[in-house]
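These are the residues of each chain, in order.
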Number of protein chains: 6
Amino acid sequence: MILRVDRLQTEMPPPSDPDPAGAAVVQELLGGKFGEMSTFMNYTFQSFNFRARQGARPFFDLVSNIAAEEFGHIELVSTAINTMLTGAGERNSLPDPEDVLNPQHFIAGGAGTLVQDSNGKPWNGDYVTSTGDLVEDLTHNFFLETGARNNKLKVYEMVDHPAARALTGYLLVRGGVHQVAYARAVENLTGADLMKMFPSPRIPTDKIPECGPHIEKGEHKKLYRFSRSDYLELAAVFSGPHPETGDELEVVDEPPVGAPAFDLPAQEGVFAPDYAPAEIAEIAERLRKQAGLPDEPTGVVANDGNGVVDKLKNAVSA
Amino acid sequence: MILRVDRLQTEMPPPSDPDPAGAAVVQELLGGKFGEMSTFMNYTFQSFNFRARQGARPFFDLVSNIAAEEFGHIELVSTAINTMLTGAGERNSLPDPEDVLNPQHFIAGGAGTLVQDSNGKPWNGDYVTSTGDLVEDLTHNFFLETGARNNKLKVYEMVDHPAARALTGYLLVRGGVHQVAYARAVENLTGADLMKMFPSPRIPTDKIPECGPHIEKGEHKKLYRFSRSDYLELAAVFSGPHPETGDELEVVDEPPVGAPAFDLPAQEGVFAPDYAPAEIAEIAERLRKQAGLPDEPTGVVANDGNGVVDKLKNAVSA
Amino acid sequence: MILRVDRLQTEMPPPSDPDPAGAAVVQELLGGKFGEMSTFMNYTFQSFNFRARQGARPFFDLVSNIAAEEFGHIELVSTAINTMLTGAGERNSLPDPEDVLNPQHFIAGGAGTLVQDSNGKPWNGDYVTSTGDLVEDLTHNFFLETGARNNKLKVYEMVDHPAARALTGYLLVRGGVHQVAYARAVENLTGADLMKMFPSPRIPTDKIPECGPHIEKGEHKKLYRFSRSDYLELAAVFSGPHPETGDELEVVDEPPVGAPAFDLPAQEGVFAPDYAPAEIAEIAERLRKQAGLPDEPTGVVANDGNGVVDKLKNAVSA
Amino acid sequence: MILRVDRLQTEMPPPSDPDPAGAAVVQELLGGKFGEMSTFMNYTFQSFNFRARQGARPFFDLVSNIAAEEFGHIELVSTAINTMLTGAGERNSLPDPEDVLNPQHFIAGGAGTLVQDSNGKPWNGDYVTSTGDLVEDLTHNFFLETGARNNKLKVYEMVDHPAARALTGYLLVRGGVHQVAYARAVENLTGADLMKMFPSPRIPTDKIPECGPHIEKGEHKKLYRFSRSDYLELAAVFSGPHPETGDELEVVDEPPVGAPAFDLPAQEGVFAPDYAPAEIAEIAERLRKQAGLPDEPTGVVANDGNGVVDKLKNAVSA
Amino acid sequence: MILRVDRLQTEMPPPSDPDPAGAAVVQELLGGKFGEMSTFMNYTFQSFNFRARQGARPFFDLVSNIAAEEFGHIELVSTAINTMLTGAGERNSLPDPEDVLNPQHFIAGGAGTLVQDSNGKPWNGDYVTSTGDLVEDLTHNFFLETGARNNKLKVYEMVDHPAARALTGYLLVRGGVHQVAYARAVENLTGADLMKMFPSPRIPTDKIPECGPHIEKGEHKKLYRFSRSDYLELAAVFSGPHPETGDELEVVDEPPVGAPAFDLPAQEGVFAPDYAPAEIAEIAERLRKQAGLPDEPTGVVANDGNGVVDKLKNAVSA
Amino acid sequence: MILRVDRLQTEMPPPSDPDPAGAAVVQELLGGKFGEMSTFMNYTFQSFNFRARQGARPFFDLVSNIAAEEFGHIELVSTAINTMLTGAGERNSLPDPEDVLNPQHFIAGGAGTLVQDSNGKPWNGDYVTSTGDLVEDLTHNFFLETGARNNKLKVYEMVDHPAARALTGYLLVRGGVHQVAYARAVENLTGADLMKMFPSPRIPTDKIPECGPHIEKGEHKKLYRFSRSDYLELAAVFSGPHPETGDELEVVDEPPVGAPAFDLPAQEGVFAPDYAPAEIAEIAERLRKQAGLPDEPTGVVANDGNGVVDKLKNAVSA
């Protein structure tokens, strides 16, 4: 089972100019064959289906734990898309049909992420490979991360919205860690030195400006343990020098600190969360009081406490 | 983001006679339109896409927190399917084609769960409704839980394998809590008294023997908080009498204790985790030592420590 | 727009022994590429999309009118499937998973028809060809009816349940009329003598015992006008000798008389229409009275008035 | 079975400036999850699959009858799309690829409607929920109409072509009637007062200018009976005050008068109905004479008799 | 089995201005229902599945041999798409999201063809009709070629890039041959004179400028034998006058001479074939030497030997 | 382009007892994610999309040439399926619905192969990965062959029909060659020693009895050149010792000799090739004569000349 933490794994920028066409392209990183739904679900179901897991515990722990990090990645991609759509769903200012690539962002969603790729095709369970054969599944995972890295690099090239760039900068670094981790696992089981295949695609991550700060913080060599209690055997697999930088790979026994999300403003033109969101806020306030909760909302958001939400809304609608 | 706990939300039975046709039917609860992938992903993406969440915090917390519980449900359905397939993938004893409904359990998987429904159709992102309109999304969720309950009842009727029965017994009770929770949320926002719609389908859960022990433990009236730090405002929505039993609804500020999973035995006939799993265990042991980890695997499984795995395998293959 | 008549286009047999595997095969005639959803939707959308229809009125009338008949065909296929499933969804007697081909008949449906083919794949809009080019659309329609006839013949061969046989016997005759009609339309526009292609597949319908009574009634040469007011120009296309029998083709200026449907009994094991259907009947009776309607239900069904429903239920459950 | 009437349920505007991108967005109302194909097919198959329908006659009549109205809705959406595409498929003036969202409007179709959503994904049978459980199916239908209303409102916001506005204005009013009808049905069966959930989304229809004329005519409170002979028990369910206006709900024992469709001009650039449509008209004229039909086409269209077609074509191509 | 020849069936133009939106439209001819994947795979599987083929040898040979030509057609469509995408994937110059219709050309592919239609929907096996009934399969093939011709004509109208025009000019002529061939086959088996249905759509190919040179070379009346050893009985079916020109149909006992493909330049912005393609060339050179192969690449390309690749790249990036 | 040779790449057994359920399982090797349609289409489109191919000629030649061999593999899988279905489609002896897994073999096909996987899901273009990045595409191909080998091994285990065993025996050996070839290609480009990953899954091919004869003939170490004229640089990549046997890898400069296919008997119960196939044979004979072709069919089949077809039919129907 999981516990949820109401924070993003990394800081993301606030909304700025809306970019619905760019947001449609970023969907590939959410629901594409090599998107984060695929990484999340592949590793999750491989961990569920893992047989004789005690005997192969370090590998079970590795797959299970990376699965947990991937949940945070679908969250980050969604955050980027929602940020890019913010301002495009305000009352009387929906984009013209010819300016969007994915009309369902507005018709089916409320200026919100869809479980689709960049062509509007829904993610589907066929993208999950869980054969039960450990070497094959790990080989698959290494390849999947390679494809994911390729896609992230190209989304980086094609979309220049700050949210897309912040997203791909971070995911390239973290995806790189997973690519290394699975390669190490295959090496441990077969003896093949996959480290020589890095980087693939052959552009080093440190050439990407938005990756820089994360590499400086060592994010490229750390495998976080996303559990307070379990998955203790990661270091049995994740060790040795990083194939690109030579830094020693490192297991961190806790999750990253992360950052609160922005409370993205209502988009009344698409009824998110309502045509008149203030009414919902009033109801919520009343319910909170009835339940003996604090007067102010207890959640922590990036734009808390001092009118940032309103300023943002003004900025966006200006 | 999430943290992962290597335990199931409830105890599940060990493998017994394999039942591949039954396992194919149980897939509906995993990847069907009303299966647990749908509940998990609907609430997850609704929480990601939630706009003006501070103002609507109790509702955001409710959706986000139930999403977290649903991860445990896809885990439980997978556990049931894998349990039912155990013994059907052993060397030289794969089932005859005419005895299976879903051959991919053995050809694509390693006697393992697929991200499909009972007709072998992959789950897809089209099953996610996330409109951003709070009342609509909550109405949807209430309906989705109703459909899920219908499906669980029927799988219960059609499949009598102990793992399927244990699964549906538990999920009917927990799904019922979510059905109530979303109904209460709609009531709070609109004033409509959806409590009168319970039970739907109109068969009370307490008629199901496998639900009994869970109801006795009060599982039908508790909403667990699946977070150590967040989602503090559940009680603002989840309160009042249970529509069927009259018990007071209750928020529990921690996750359920749960139970360890069985370490399901290798199925060498489908190479899960290998044609010769002992070799993998040897490699793992060596890696564990190199990393300074304990000699014995650190993971906790239901059949730990005293040869239960071997006995099970004997029992199954007998 | 349409008006609906609560009658089937032909008489169908009452439920007898359930045949869930056969019902799954019959689904091909509902939701397969060459099934009745395809014929209905192809002609319907071709009629909606028909440009310059005044100038081509006889052809517009033909396509529009046959579309209307096809609604009755999806109704008949559903009736056959539901009849074949009756008795397989009763309380405590759902079929074993290994005895079904399509578990969703019971899990997703209430022993009811699905919008799927015989492999459980949903019908989809890709099966509609509506190019706007009249000759091409009519050529398509001729081919579609040919494929539909092929499928019906094979379902006839493979499934021997009385409902399946009654269904295919009728549909072969009526589909044959449409095949002739579209061939005549192409002939009229191009001069090619498609009559020489009949029968295709090359087995004459009169070899099928279940077709006999319909042919005796001349159903193979009549095109019914499914409108009280419109589509008056059918005879401009539908005329000349029938390619197999030599009978003169004939336009009938009204719909067929048809027959009432059986009121198929409740299947309480799958909650259709409820776990306790008598309660619904009570509510309905009360509502009927409140509205000043007659005490007895006003609908006409094949098994009306004298306890046939109960007898049927007994027969089925015996 | 059905009878067909060659009229639209409401008047639609003639073609004006083509709007292919807007037409692609309107496709969501045709083939989207919450589009009219979904409403039509859900209610149609629920009526086919309805067990013990005599006992539950008022509900059977309600579902069956609304199904019939929905056919008129897919017809209206198609009419709007075709109207918006008119002028974009003329010889030597097809739109540039970068000005369209759905190229298949021109490549697969003849400037005609596709059975797809706004992302070009085909409608599929998975969008049909027909569980056989009456309360659940009605709950579903209420939710489906809620989602449909949400989609219509957003298409209204996003697309300003007169045909799209006329369409959504009408459908919002009529869909509202169905939303109320299903809510009333659930109320009757369970006692829950769903009337309090209106309007959902929470924007009253009378705020939409294009809804005004229909509301003035009382279209928001009338349930038409789309049958000359059957479905007599609608009033047992559809009664009481309208939840938004307080007007008494009303069953009208005949279909609406409706209006003739425009005979949309040929689009020779996409061969609809031909590269040289006049030749088809000549053949049709000859056939009509041979069959003893009147010299002039018998069909009634909005632009009949006085050269309107030609004028329209000139207007469009100007 | 097949042998492969590294030549295109006809000459194609070099890359010029990139046209990503046009390339997305041309995808319909690759992966659409009536695209070349459909023709290739329909005839291929019909030939595999052909029963009693000795007795029906001329028909088996016809279908098998046309299948072989169709491989060359998917190759040509891909060539056109890749040509149109060339220049749009260069480093730092990827197109803006709003200028593309199919972002996956750049995110999933390397400025390369996808197995999709013009809406980004993957081609699927449902587009294959292989009933085994010879008359029906041939009728289908005639219709399929008709639909393919319709699609090609419309892509010709909508996309004016030189590569798209060269492609459709050639395919219209060659597809016309197949349309005639299948019509003749049906005629031979049934006696119906399908020659009267030509041309369909009713625009003669010789009106298309890009078809002219191919017609002059007699490409419209020749059926090439794509085998050195087999399929000797084509002339038993493919004979008689061409339905449009009256020329005598002709079997050519060898494949067309064809032309070498352009070696399309690297697109480094999408890592095709690499971020630094020169490194791959160096490795290849070394491997070639080690294997005792000539110093220069042995392959023949249209832009061989004299720096054309570089010039092209300059031209494109200018 | 391609040339076609009317021979199979290896000898296949004649029809024996029909095995429709087994045939449904074998479909996974045709249309599954890791089936031969996937290998064929991945390499084919990678070759079409290959940029700067002259510089990377040995790799282009490798991918292009293996693509050509894969056509022969889809042909072999189809042959196996059709062989297994033979006898199950004879007049009046179609299998009962409960004895089949894929009813479309008989309803849609004529006891013939479908372009589907073992769950009846159509193969689709999403299974093609063609990124243009050479290292990534080759890594993918190595993984794809690994998955394909896994699937073949399991089909071997699950299906014991002689045709399935002959098929998997051959494909395991030939697929192994491709797995090695792509691994060598990656090694050459990156230096990683993937040879250490063999065999994967870790069961050596020589343990499979049906592989033995092929290994004895050296089929496990030979890469055939499937071109008379091109793809001359295979040896630059395909060289060195075989990772399992140590034998030197070897390029053979011509295709394998192969064997003629059996002329599978008509299945009149499913109209393949007709309800009365003798009539087709008569027409064919007449056409052959008219065209001046030999009296006897010119094609070569395994059961030629001496009544084998009839004997087979007797054997099967006995």
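Residues numbered from 1 in each chain as written. Chains lettered and ligands numbered in written order. Predicted model: local features only at pLDDT ≥ 70, side-chain atom pairs only at ≥ 80, totals over all residues. Heavy atoms only, no water.

Engineer: I'd like to hear about the overall build of chain A, residue by residue, with values.
Structural biologist: Along its length, chain A carries 10 helices and three strands. When the helices and strands of chain A are placed in sequence order, the string is β-α-α-α-α-α-α-α-α-β-β-α-α. Here the C-alpha atoms of chain A give a radius of gyration of 21 Å, agreeing with the 20 Å that 2.2 N^0.38 yields for 318 residues. Principal-axis analysis of the C-alpha atoms places the extent of chain A at approximately 60 × 50 × 35 Å. Split into buried and exposed, the 318 residues of chain A put 74% on the buried side. (Helix = DSSP H or I, 4+ residues; strand = E, 2+ residues; numbered from the N terminus. Rg over C-alpha atoms; globule rule 2.2 N^0.38 Å. Buried < 20%, exposed > 50% of the residue type's maximum accessible area, 1.4 Å probe, protein only.)

Engineer: Please set out the relation of the copies chain A and chain B residue by residue, giving values where relevant.
Structural biologist: Note on the identical chains: chain A maps onto chain B by a rotation of 180° and an axial translation of 0.0 Å, with an RMSD of 0.0 Å. Taken together, the rotation and translation relating the two chain copies correspond to the operation of a two-fold axis. Minimal C-alpha separation from the rotation axis in chain A is found for asparagine 124 of chain A, amounting to 2.0 Å. (Least-squares fit on C-alpha atoms with pLDDT ≥ 70 in both.)

Engineer: Kindly report on the interface of chain B and chain F, identifying the contributing residues and their values.
Structural biologist: Counting residues at the interface gives 26 residues for chain B and 21 residues for chain F. Both sides of the chain B and chain F interface together cover about 2000 Å² of buried area, and 61% of this is carbon and sulfur. The three residues of chain B that bury the most area against chain F are Pro97, Ile107 and Phe271 of chain B, which together make up 34% of that side's buried surface. At the junction of chain B with chain F, the criterion picks out two salt bridges. Here glutamate 279 of chain B and arginine 202 of chain F are joined by a salt bridge, their closest N and O atoms 3.5 Å apart. Put simply, chain B and chain F have nine residue pairs in polar contact (both at pLDDT 80 or more) between them. Looking at the side of chain B that touches chain F element by element, the count peaks at three residues for helix H4 (residues 104-107) of chain B. (Contact = heavy atoms within 4.5 Å. Buried area = accessible area lost by both parts, 1.4 Å probe. Salt bridge = Lys/Arg side-chain N within 4 Å of Asp/Glu carboxyl O. Polar contact = N/O pair within 3.5 Å; in protein donor to acceptor, adjacent residues only side chain to side chain.)

Engineer: Could you give an account of the environment of arginine 57 of chain A, with specific residues and numbers?
Structural biologist: With respect to the helices and strands, the residue arginine 57 of chain A is situated in helix H4 (residues 57-85). In the structure, arginine 57 of chain A is positioned 176 residues away from glutamate 233 of chain A in sequence and 7.0 Å away in space, judged by C-alpha atoms. Beyond its immediate sequence surroundings of up to four residues, arginine 57 of chain A is in contact with Glu233 of chain A together with Asp6, Arg288, Pro297, Thr298, Gly299, Val300 and Val301 of chain B. Within polar-contact distance, the side chain of arginine 57 of chain A engages the side chain of aspartate 6 of chain B at 3.1 Å.

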